[in-house]
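# Structural overview
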Amino acid sequence: MKNIITRNILTHTIKKIEGAYAPATIRAYKTNFEKFIIFCDELDECALPAKSDLVVQYIKLLTGGHLKSNSIRIAVAAIATIHKLNQTPDPTDHPEVKLELRRMYRTLGRECKQAYGITNIILQKMLKATDKNLRGIRDRVLLLIAYDSLCRRSELVSLQVEDLTLIDTLPEPSFKLRLRRSKTDQDAKGRWLYLSNETQKALNDWLKATDIQSGKIFRGIRKKGELSDGLNSSHINRIYKRLAKTSSLDPSIIKQISGHSIRVGAAQDLLLSGASLPIIMNRGRWTKPDTVMHYCKFQCKNAPDLLGICV
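What counts, and at which threshold
By convention here, each chain's residues receive numbers from 1 onward along its written sequence. At least 70 in pLDDT is required for a residue's local features to be given in this predicted model, at least 80 for side-chain atom pairs to be given and counted, and no such filter applies to totals for whole chains, interfaces and linings, which use all residues. As a rule here, side-chain values come from all non-hydrogen atoms in the structure, and water together with hydrogens is ignored. A run of DSSP states H or I qualifies as a helix once it reaches four residues; a run of E qualifies as a strand once it reaches two. Both are numbered from the N-terminal end. Partly exposed residues are those whose accessible area sits between 20% and 50% of the maximum for their type, while under 20% is buried and over 50% is exposed, using a 1.4 Å probe and protein chains only. Any two residues whose heavy atoms approach within 4.5 Å are treated as being in contact. For every accessible area listed, the method is Shrake-Rupley and the probe measures 1.4 Å; residues are considered covered only by the protein chains on display. What makes two strands pair is DSSP finding at least two bridges between them. Convention adopted: a line fitted to C-alpha atoms gives each axis, helices being fitted over their contacting stretch, and angles between N-to-C directions are expressed from 0 to 180 degrees. As used in this record, nonpolar core signifies buried Ala, Val, Leu, Ile, Met, Phe, Trp, Tyr and Cys residues forming a set joined through side-chain atoms within 4.5 Å. Working definition: the arc comes from the directions between the helix axis and the C-beta atoms, pointing outward to the latter.

## Focus: the overall build of the protein chain
On a plain count of helices and strands, the protein chain comes out with 16 helices and three strands. Taking all 311 residues of the protein chain together, the buried fraction comes to 45%. Sequence-distant contacts, at least 24 apart, represent 63% of the contacts inside the protein chain between residues at least 6 apart. Split by element, the accessible area of the protein chain, about 17400 Å² in all, is 53% carbon and sulfur.

Shown next as structure tokens:
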């Protein structure tokens, strides 16, 4: 088979970029390029370097399948990245490939699935639905920090006790919380996160109840009340959905809730409060205004007097 060497090159490339990209990004590159190799094997063609007309055929195949346009865009990006990382001419730069991508978008559209925004109104219902036990104390501070900080789910689970700084110069002891690294801060310069008084109290309650001295702030809780070493990103989705169900939210809303929902809802609330686009981007650590505009699209439709902030 022509792609035995290609598979070895891919394995070497993935190892080479570990630590330089987010783990999820590396997984996406690896998975998508492996699928492209399988496609090339069936045609007895080489996947690296790949011919541009081969990529065109691949896009046509994916367009006729059950994938959405965003998934196909990611697949093509993986092909481009693996070629570039190996200093091989990028076949996706060819005009015919770009034309085929345009056809794909016209066929499938560009709309991405939007997580339902957990705005402050919904957040308050979810907070009331938290229990008085240890899990409830954890859930409460998780919701509040997520809303105040607009953290991504990966950022939430990365927060550590060592990131907390006690400010004892104020009448009431207060916390500063540092986000070490984010999707838009891969060099780990760090950012201080704003926490309201309510959130700081909830955080203090959680740390006192668990006596966590170091390591991850957010932990899983086993049946006997034992704490795990931390949470992973998928746990955030499940916690939000569980609390949404306990809050008796409409099932159609619960279905759309994800680990991004509080981040989306907090951005929408900032918009309705009159915050400018630069302020919202700064609070949420966004680098592209298009992303914020997409998040706020629903609110713009319902608040035409604020449309000027979004466009």
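## Some points on the environment of Ile-118
As for its position among the elements, Ile-118 is in the loop between helix H5 (95–108) and helix H6 (120–128). The spatial distance from the C-alpha of Ile-118 to the C-alpha of Ala-244 is 9.5 Å, given a sequence separation of 126 residues.

## What about the sheet that holds strand E2 (residues 174–179)?
What holds strands together in a sheet is hydrogen bonding between their backbones, with the strands either parallel or antiparallel. If you trace the three strands from one edge of the open sheet to the other, you get E1-E2-E3, paired in antiparallel fashion. With one partner strand each, in any of the chains shown, strand E1 (164–167) and strand E3 (191–193) form the two edges of the open sheet. Looking at each pair of strands side by side, their axes are set apart by 35 degrees on average, direction ignored. In this structure, E1 lies alongside E2, joined through four bridges in antiparallel fashion. Within the sheet, the bridge partner assigned to Thr-165 lies in E2 and is Lys-176. Where helix H9 (residues 197–210) meets the sheet, it contacts E1 and E2, and its direction lies at approximately 85 degrees from that of E2.

## Concerning unusual backbone geometry
Cis rather than trans, the peptide bond between Leu-48 and Pro-49 has omega equal to 0 degrees. Positive phi values are uncommon outside glycine, yet Asp-211 reaches one of about 55 degrees. For Asp-211, the position within the fold is in the loop between H9 and helix H10 (233–246). Despite not being glycine, Arg-285 shows a phi value in the positive range, around 60 degrees. With respect to the helices, strands and loops of the structure, Arg-285 is situated in the loop between helix H13 (277–284) and helix H14 (289–295).

## Here we look at the environment of Tyr-194
Considering the arrangement of structural elements, one finds Tyr-194 in the loop between E3 and H9. Separated by 16 residues in the primary sequence, Tyr-194 and Arg-178 have C-alpha atoms spaced 9.3 Å apart. With residues up to four places along the chain from it excluded, the contact list for Tyr-194 reads Asp-148, Ser-149 and Arg-283.

## Describing the nonpolar core
If you look at soluble globular proteins, the nonpolar side chains tend to sit buried side by side. With 57 residues, the main nonpolar core has Ile-145, Leu-156, Leu-159, Leu-203, Ile-217 and Phe-218 as its most contacted residues. Element by element, the count of residues in this core is highest for helix H7 (residues 134–149), at seven residues. One finds Phe-33, Val-56, Ile-72 and Ala-78 within the second-largest nonpolar core, a separate group that totals 29 residues.

## Concerning H6
Of all the positions in H6, only Ile-122, Leu-123, Met-126 and Leu-127 are classed as buried. Summarising the axial view, the buried residues of H6 lie within an arc of 140 degrees, below the 170-degree limit, and thus occupy one face. Of the residues in H6, the exposed ones pointing more than 90 degrees away from the buried face are Ile-121 and Lys-128.

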